[in-house]
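Reading the structure
Okay, here's what each chain looks like letter by letter:
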Amino acid sequence: MPPETTSPARPAAPARKEEPTRAETRARAARRRRLTVYGARVLLFVLLLGLWEWLARTEVIDPFNFSMPSRIWDQISRWVTDGTPQGSLWEQVWYTLYEALLGWVIGVVAGVVLGIALGRVRFLSDVLGPYIKLLNALPRIVLAPIFLIWFGLGPASKIASAVVLVFFPVFFNAFQGAREVDRNLVAHARILGASNRRVTFQVVIPSATSWIFTSLHVSFGFALIGAIVGEYIGATKGLGLLVSASQGTFNAAGVYAAMVILAVVALLAEALLSALERGLFRWKPAEGGDGR
C-alpha cells in the first residue's frame with residue numbers, strides 16, 4: 001500500500017476587512033457634509049470681512065460712513081476694557097437682555113394662553129378675533145413712543161415694546177396649533193372619559209407644542225428689537241442707547257459694534273432654544289437626508 005501523501009498546507013487567507021454598514025456610511029457622509037458647510041460659512045464670512053476692509057482702506061467706499069472691520073473690533077475692545085460712556089459694556093448688555101427676556105417671557109405666556117383658549121373655545125374666538133386682528137394690523141414699532149410716555153425711561157417701556165412684538169407670532173401659532181389637533185385623538189380621549197381640562201392639557205397642548213416652538217425662534221429676535229427700539233428712543237442704559245449715542249457722534253464703528261454684540265446675543269439665544277427643542281422633541285425624526 002503506497003504511503004499516504006499529504007498536500008502542503010495552504011497559507012491562511014488574510015482576514016477580510018469588515019465593510020462599514022449603511023448607517024455608518026451615512027453617518028460619515030453627514031459628518032463630511034456638516035464640516036463642509038461649516039467650512040464654507042467661515043470662508044464666506046472671512047471673504048466678506050476681507051472685502052469690506054479692503055474697500056474701506058482703498059476708499060472705494062467711504063470709511064467714515066461705512067467704517068471697517070478693524071475699527072469695529074477696536075471699538076468693541078475699548079468697550080470691553082475701558083467701558084462705555086454709560087458704564088460697563090456688560091451692564092449695557094445685561095440691561096438689554098433683561099428687558100428682552102422679561103418681555104419675551106410675558107409675550108410668550110400671554111400668546112400661548114390666549115392662543116390655546118381661543119383655539120379651543122369658539123365663542124371667545126368669535127368675540128375677540130376681530131380685535132386681535134385689528135391690533136395685529138397696527139405698526140407695533142410706533143407704540144414704543146407711547147410706552148415711553150406711559151412708563152418713562154426705565155425698563156418698563158422697553159419690556160412693553162418687547163411684549164407686543166412677541167405676543168402676536170406666538171398667539172397665531174398657538175391658535176393654529178390648537179385648531180390643527182387630530183380630531184381622532186380628541187374623540188378617543190372623549191370616549192375614555194377625559195374632561196375638557198384633561199383634553200386641553202394632555203392632547204391639545206402637547207400637539208400644539210411644535211407649532212409654539214416654531215414661533216419661539218422668531219419671537220426672541222422680536223423681543224430684542226422691541227428692547228433696542230425702546231432704548232434708542234429714550235433710555236438711561238442699554239445697547240440701544242449705545243447705538244443712539246454712537247449715531248449722535250457720527251461714530252459708525254460704534255453703531256456696527258453694538259449691532260455685532262446684538263447679533264452674538266441673538267445667536268446664543270437661538271442656540272439655546274434649538275438645544276431645548278432637540279431635548280423635548282427627541283421622538284421626531286431628523287430633518288433632511290442626503291441634501292438633494
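The preceding data block contains the structure.
Below: a short report on this structure. (Residues numbered from 1 in each chain as written. Predicted model: local features only at pLDDT ≥ 70, side-chain atom pairs only at ≥ 80, totals over all residues. Heavy atoms only, no water.)

For the rest of this paragraph, the subject is the overall build of the protein. Tallying secondary structure elements over the protein gives 11 helices and 0 strands in all. In the protein, the succession of α and β elements from N to C terminus is α-α-α-α-α-α-α-α-α-α-α. Within the protein, residue pairs in contact and separated by at least 24 positions form 73% of the contacts whose partners lie at least 6 positions apart. Element-wise, carbon and sulfur atoms account for 66% of the exposed surface of the protein, whose accessible area totals about 19,200 Å². (Helix = DSSP H or I, 4+ residues; strand = E, 2+ residues; numbered from the N terminus. Contact = heavy atoms within 4.5 Å. Areas by Shrake-Rupley, 256 points an atom, 1.4 Å probe, with all protein chains shown as cover.)

Moving on: the packing of helix 6 (residues 143-151) against helix 7 (residues 155-179). One way to put it is that helix 6 packs onto helix 7 with a least axis distance of 8 Å and a crossing angle of 145°. Handedness of the crossing formed by helix 6 with helix 7: right-handed. On helix 7, the residues touching Leu 143, Ala 144, Phe 147, Leu 148 and Phe 151 of helix 6 are Ala 156, Ser 157, Lys 158, Ala 160, Ser 161 and Val 164. Split by residue class, the contact of helix 6 with helix 7 holds 8 nonpolar, 2 polar and 1 charged. (Axes fitted to C-alpha atoms, helices over the stretch in contact; angles between N-to-C directions. Left-handed = near helix turned anticlockwise from the far one by under 90°. Nonpolar A, V, L, I, M, F, W, Y, C, P; charged D, E, K, R; others polar.)

Residues Trp 79, Leu 89, Trp 104, Leu 216 and Leu 239 are the most contacted members of the largest nonpolar core, which totals 35 residues. When residues of this core are traced back to their parent elements, those giving at least two are helix 3 (69-82), helix 4 (89-120), helix 7, helix 9 (196-233), helix 10 (239-248) and helix 11 (252-280). Other than its neighbours up to four places away in sequence, Leu 216 contacts Trp 104, Val 108, Val 170 and Leu 273. Membership of the second largest hydrophobic core comes to 6 residues, among which are Ile 132, Phe 167, Phe 171 and Phe 175. (Core = buried A, V, L, I, M, F, W, Y, C linked by side-chain atoms within 4.5 Å. Buried < 20%, exposed > 50% of the residue type's maximum accessible area, 1.4 Å probe, protein only.)

Positive charge collects at one region of the surface, where Arg 28, Arg 31, Arg 32 and Arg 34 lie side by side. Looking at where Arg 32 falls in the secondary structure, it is placed in helix 1 (residues 22-57). A relative accessible area of 51% places Arg 32 in the exposed class. (Patch = residues over 30% accessible without salt bridge, like charges linked within 9 Å, V, L, I, M, F, W, Y side chains within 5 Å. Salt bridge = Lys/Arg side-chain N within 4 Å of Asp/Glu carboxyl O. Lys, Arg positive; Asp, Glu negative; His and termini not counted. Charge placed at Lys NZ, Arg CZ, Asp CG, Glu CD.)

This part covers the packing of aromatic side chains. Counted according to the given criterion, the structure contains 10 aromatic pairs. For the ring pair Trp 52 and Tyr 256, a centre distance of 5.4 Å and an interplane angle of 80° mean the geometry is edge-to-face. Of this pair, Trp 52 sits in helix 1 while Tyr 256 sits in helix 11, and the two are 204 residues apart along the sequence. Feature note: the residues Phe 167, Phe 168, Phe 171, Phe 172 and Phe 175 constitute an aromatic cluster, connected by ring pairs. (Phe/Tyr/Trp six-rings, centres within 6.5 Å; stacked < 30°, edge-to-face > 60°.)

This part is about the side chain of Lys 158. Along the chain, Lys 158 falls in helix 7. Of the side chains bearing the opposite charge, Glu 99 lies closest to the buried Lys 158, which forms no salt bridge; the N-O distance is 5.4 Å. For Lys 158, the residues in contact, after removing those within four places along its chain, are Glu 99, Leu 148, Gly 152, Leu 153, Gly 226, Ala 227, Gly 230, Glu 231, Gly 234 and Ala 235.

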